[in-house]
Amino acid sequence: MQSQDTNPPKPAYALVIHGGAGTILKENMTPEREAAYTAALQAALEAGEAVLKEGGSSKEAVVAAIQLMEENPLFNSGVGAVFTHEETVELDASFMDGATLNAGAVAGVKTVKSPIAAARMVMDSSVHVMLSGKGAEQFAEKMGLEMVENSYFHTERRLNQIKRIKDSQANATKTPYKGEMSIDGTDVYKFGTVGAAALDKEGNLAAGTSTGGMSNKRYGRIGDSPIIGAGTYANNASCAVSCTGHGEFFIRNVVAFDVAARMMYQDLSLEEAGDKVVQEVLMEMGGDGGLISVDKDGNVHMPFNTSGMYRGYVKSTGETYIGIYKD
């Protein structure tokens with residue numbers, strides 16, 4: 001989808017968000033559920049824009065938008081995240097500041113209420129970029145972030161999902177690990193991951209991504225969401241990007257950075273770079289998903305190669321959009 005006007009006025013700020021890409025078909029969506037997703041995306045946009053409108057930073061806006069989605073059980077992030085094979089929730093998140101190229105990430109955390117807040121804290125208050133597991137939790141607690149029991153993230157919908165997956169496996173003669181995470185290819189892959197990217201009035205870009213990963217994941221699996229350059233990237237010289245999809249493919253293709261690199265080194269536009277990576281590079285390898293992006297001029301692009309992606313943006317010009325399906 002192309003979201004840029006031919007000669008648009010340059011916005012003072014812009015915010016773009018996603019709530020995951022995957023098998024999202026209108027015929028499978030009830031009007032009530034569609035309305036709920038639309039309202040959730042709208043609320044996240046309003047939370048982030050409220051920060052930008054008052055002159056707040058892109059970093060603050062990204063956190064504000066993502067935290068609202070982390071608290072919404074509709075998404076695979078925070079409350080409502082998918083279960084691992086062991087029926088616990090393990091969360092990943094990353095954050096990047098386009099002005100400084102500083103970044104932070106957490107992986108495999110189970111007791112941090114807001115993984116995106118922890119990722120930003122790693123960026124702001126640590127010499128490291130990525131912390132994982134218990135160490136990341138110890139750091140978050142030491143820094144005063146709110147901690148919760150793992151059950152805080154549990155929902156009946158996701159518990160039923162993991163039980164269906166296990167039942168499906170039990171009735172199969174042989175199920176390879178690559179196929180253990182899907183039922184009819186629906187609602188199981190990294191579906192519902194949330195992310196945001198923003199440009200503020202000072203011209204600074206930032207991006208963040210937060211996820212529960214893949215349903216039924218084992219062995220401490222970590223996808224692209226907490227990996228800088230794969231799931232998240234921001235650079236004031238080009239753009240800010242947050243990705244969602246089959247993480248292994250996004251890691252192997254360093255998707256978020258690739259978009260920015262094509263803009264910087266090949267002089268491609270935001271749209272050209274995003275479409276090249278999502279519609280060609282990823283698809284040639286069999287990788288499905290999408291991304292959201294905003295460049296230093298406030299242009300927004302949201303390409304995806306799946307049947308749908310929860311997405312939306314708002315600009316200071318008054319231009320706004322929320323979408324779920326392919327237009």
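Quick look at the structure, then. (Residues numbered from 1 in each chain as written. Predicted model: local features only at pLDDT ≥ 70, side-chain atom pairs only at ≥ 80, totals over all residues. Heavy atoms only, no water.)

**Focus on the packing of aromatic side chains**
All told, the structure shown has five aromatic pairs when counted by the stated rule. Seen from their ring centres, Tyr37 and Phe75 are 5.7 Å apart, and the 70 degrees between their planes marks the pair as edge-to-face. Separated by 38 residues along the polypeptide, Tyr37 in helix α1 (residues 31-53) and Phe75 in the loop between α2 (58-70) and β2 (91-97) bring together distant segments of the chain. Neither Tyr37 nor Phe75 differs from the other in exposure class; each is buried. Ring centres 4.0 Å apart and planes at 10 degrees place the aromatic pair Tyr37 and Tyr310 in the stacked group. Here Tyr37 is found in helix α1, whereas its partner Tyr310 is found in strand β11 (residues 308-315), with 273 residues between them in sequence. Tyr310 carries the same exposure label as Tyr37, and that label is buried. (Phe/Tyr/Trp six-rings, centres within 6.5 Å; stacked < 30°, edge-to-face > 60°. Helix = DSSP H or I, 4+ residues; strand = E, 2+ residues; numbered from the N terminus. Buried < 20%, exposed > 50% of the residue type's maximum accessible area, 1.4 Å probe, protein only.)

**Notes on the nonpolar core**
Within the largest apolar cluster, 53 residues are counted, with the highest numbers of intra-cluster contacts made by Leu15, Ile17, Phe75 and Phe95. Setting aside residues no more than four positions away along its own chain, Leu15 makes contact with Ala44, Leu45, Gly48, Glu49, Leu52, Ala196, Ala197, Ala198, Gly312, Tyr313 and Val314. (Core = buried A, V, L, I, M, F, W, Y, C linked by side-chain atoms within 4.5 Å. Contact = heavy atoms within 4.5 Å.)

**Concerning the packing of α2 against helix α3 (residues 115-125)**
Packing of α2 against α3 leaves a shortest axis separation of 8 Å and a crossing angle of 150 degrees. Here α3 runs roughly antiparallel to α2, going by the angle between their axes. Contact with α2, carried on its side by Lys59, Glu60, Val63, Ile66, Gln67 and Glu70, involves Pro115, Ile116, Ala117, Arg120 and Met123 of α3 and no other residues of that element. Residues of the contact of α2 with α3, tallied by class, amount to six nonpolar, one polar and four charged. (Axes fitted to C-alpha atoms, helices over the stretch in contact; angles between N-to-C directions. Parallel < 35°, antiparallel > 145°, perpendicular 65-115°, else oblique. Nonpolar A, V, L, I, M, F, W, Y, C, P; charged D, E, K, R; others polar.)

**Here's the deal with the pairing of strand β12 (residues 320-325)**
On a regular strand, each side chain points to the face opposite its neighbour's, so the side chains alternate between the two faces of the sheet. When β11 meets β12, the two strands line up antiparallel, connected through five bridges. Paired with Val314 across the bridge in β12 is Thr320. Counting the residues in the hairpin turn of β11 and β12 gives four residues, including Gly318, whose phi is positive at 100 degrees. (Pairing = 2+ DSSP bridges.)

**So, the pattern of salt bridges**
Tallied over the full model, the rule gives twelve salt bridges. Here Lys113 ties to Glu146 by a salt bridge, and the two come within 3.5 Å at their closest N and O atoms. Taken together, the residues span a long stretch of sequence, with Lys113 in the loop between β3 (103-109) and α3 and Glu146 in the loop between α4 (133-142) and α5 (156-170) at a distance of 33 residues. In this structure, the salt-bridge partner of Glu248 is Arg221, at a minimum N-O distance of 3.0 Å. You can see Glu248 sitting in helix α6 (residues 247-252) and its partner Arg221 sitting in the loop between β6 (205-211) and β7 (232-234), a full 27 residues away along the chain. The class for Glu248 is partly exposed, based on a relative accessible area of 28%. A cluster of three or more residues bridged by salt bridges with shared partners is formed by Glu87, Lys163 and Lys166. (Salt bridge = Lys/Arg side-chain N within 4 Å of Asp/Glu carboxyl O.)

**Overview of the pairing of strand β1 (residues 14-22)**
Here β1 lies mainly inside the structure; nine of its nine residues are buried. In the sheet, β1 pairs with strand β5 (residues 194-199) via five bridges, with the strands oriented antiparallel. Bridge assignment links Leu15 to a residue of β5, and that residue is Ala198. Sheet topology places β1 next to β11; eight bridges connect them, and they run antiparallel. If you follow Val16 over to β11, its bridge partner there is Tyr313.

**With respect to the sheet that holds β1**
Sheet architecture is open: eight strands sit in the order β4-β3-β2-β6-β5-β1-β11-β12, paired in mixed fashion. Looking at which strands have only one partner, the edges of the open sheet turn out to be β4 (130-132) and β12. Across the sheet, the axes of successive neighbouring strands diverge by a mean angle of 5 degrees, strand direction being ignored. In this fold α3 packs onto β2, β3, β4 and β6, with an angle of close to 45 degrees to the strand it touches most, β2.

Read these as geometric descriptors, not functional statements.
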